[in-house]
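So the chains spell out like this:
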Amino acid sequence: MTQDELKQLVAAKAVEYTLTRIDSDTIIGIGTGSTANAFIDQLAAHKHLFKGTVASSEASADRLRNHGIEVFELNDVDGLTIYIDGADETNAALQLIKGGGAALTREKIVAAASKEFVCIADASKEVAVLGEFPLPVEVIPMARSYVARELVKLGATPVWREGVVTDNGNHILDCHGLSIAEPIKLENEINSIVGVVTNGLFASRPADRLFISSATGVDERTA
């Protein structure tokens, strides 16, 4: 199967699961990226079964609206029952690296506001140790060089993702060369650097459930 077919397969499983968790008053958290897009496209057929969504990026919000699905601001809702999003890497503890699409800060906020975080991915995203995928760090633009120097002290090789501005108006530093044996510790260390908005480690708040697709089907795992 192609990677796109695997994404469609896991998206279908996530839609099936989501439909067991919602009712007509439910607002669903929606993530960002190609796998989340596959989920959005398949969820659209069931838009009459829930109230609306909160999106983790302007791109996802636009895609949802194009399907006729209402998008709410997180500030206007009391909380979210479920959040569905992809990942760039996942380990056995369902700790993730996210942010390849530069939406990591809003993704963390939506995940934090949700009772259940469901990650959807294909088998290529599963690793024993996080870090082969460069870890994104969202930074205040004026602090970019300072933060980069601090990241070097933590063993990273940071690279500015030139030409990319987040929905929050910030920059992204991609940290190469990391082997992340203690994800929670590193997440907290990076977040403590002045000028960092947040980083793409979802370790303190990992996924609650993972659907992961391969040529043999979709496996379900829980933290």
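That block above? That's the structure.
Residues numbered from 1 in each chain as written. Predicted model: local features only at pLDDT ≥ 70, side-chain atom pairs only at ≥ 80, totals over all residues. Heavy atoms only, no water.

Caption draft 1: Just the pattern of salt bridges, in detail. Scanning all chains against the criterion turns up 17 salt bridges. With a closest N to O distance of 3.9 Å, Lys-125 and Asp-122 form a salt bridge. Both residues of the pair, Lys-125 and Asp-122, count as buried. One network of salt bridges, with partners in common, ties together Arg-21, Glu-116, Arg-209 and Glu-220. (Salt bridge = Lys/Arg side-chain N within 4 Å of Asp/Glu carboxyl O. Buried < 20%, exposed > 50% of the residue type's maximum accessible area, 1.4 Å probe, protein only.)

Caption draft 2: Spatial organisation of unusual backbone geometry. Unlike most non-glycine residues, Leu-94 shows phi in positive territory, near 65°. Within the secondary structure, Leu-94 is located in the loop between strand S4 (89-90) and strand S5 (96-97). Phi angles above zero are rare outside glycine, and Ala-102 is one such case at about 65°. Following the sequence through the fold, Ala-102 ends up in the loop between S5 and helix H4 (104-112). Residue classification places Ala-102 among the buried residues on the basis of a relative accessible area of 11%. (Helix = DSSP H or I, 4+ residues; strand = E, 2+ residues; numbered from the N terminus.)

Caption draft 3: Expanded view of the nonpolar core. Core analysis: the biggest nonpolar cluster contains 24 residues, and Phe-39 and Ile-120 have the highest contact counts within it. Among the secondary structure elements, those contributing two or more residues to this core are helix H1 (3-19), strand S1 (27-30), helix H2 (34-43), helix H3 (58-66), strand S3 (80-85) and strand S6 (114-122). A per-element tally of this core places H1 first, with five residues. Beyond its immediate stretch of four places on either side in the chain, Phe-39 contacts Ala-11, Ala-14, Val-15, Thr-18, Ile-30, Ile-84 and Ile-120. (Core = buried A, V, L, I, M, F, W, Y, C linked by side-chain atoms within 4.5 Å. Contact = heavy atoms within 4.5 Å.)

Caption draft 4: Region of interest: the sheet that holds S3. Pairing within the open sheet is mixed, and its six strands lie in the order S2-S1-S3-S6-S12-S13. With partners counted over all chains shown, the strands left at the sheet margins are strand S2 (52-55) and strand S13 (217-222), one partner each. Averaged over neighbouring strand pairs, the angle between their axes works out to 20° when direction is ignored. Direction of pairing for S6 relative to strand S12 (residues 209-214): parallel, over a ladder of five bridges. When the sheet's bridge partners are listed, Val-118 is paired in S12 with Arg-209. Across the sheet, H2 touches S1, S3 and S6, and the angle it forms with S1 is around 150°. Lying over the sheet, H4 contacts S1, S2, S3 and S6, oriented at roughly 145° with respect to S3. (Pairing = 2+ DSSP bridges. Axes fitted to C-alpha atoms, helices over the stretch in contact; angles between N-to-C directions.)

Caption draft 5: Spotlight on helix H6 (residues 183-191). Of the positions making up H6, those classed as buried are Pro-183, Leu-186, Glu-187 and Ile-190. The buried residues of H6 occupy an angular sector of 105° when the element is viewed end-on, so they sit on one face. Elements that come into contact with the buried residues of H6 comprise H4, strand S7 (135-139), helix H5 (144-153), strand S10 (196-199) and strand S11 (201-202). (Arc of directions from axis to C-beta.)

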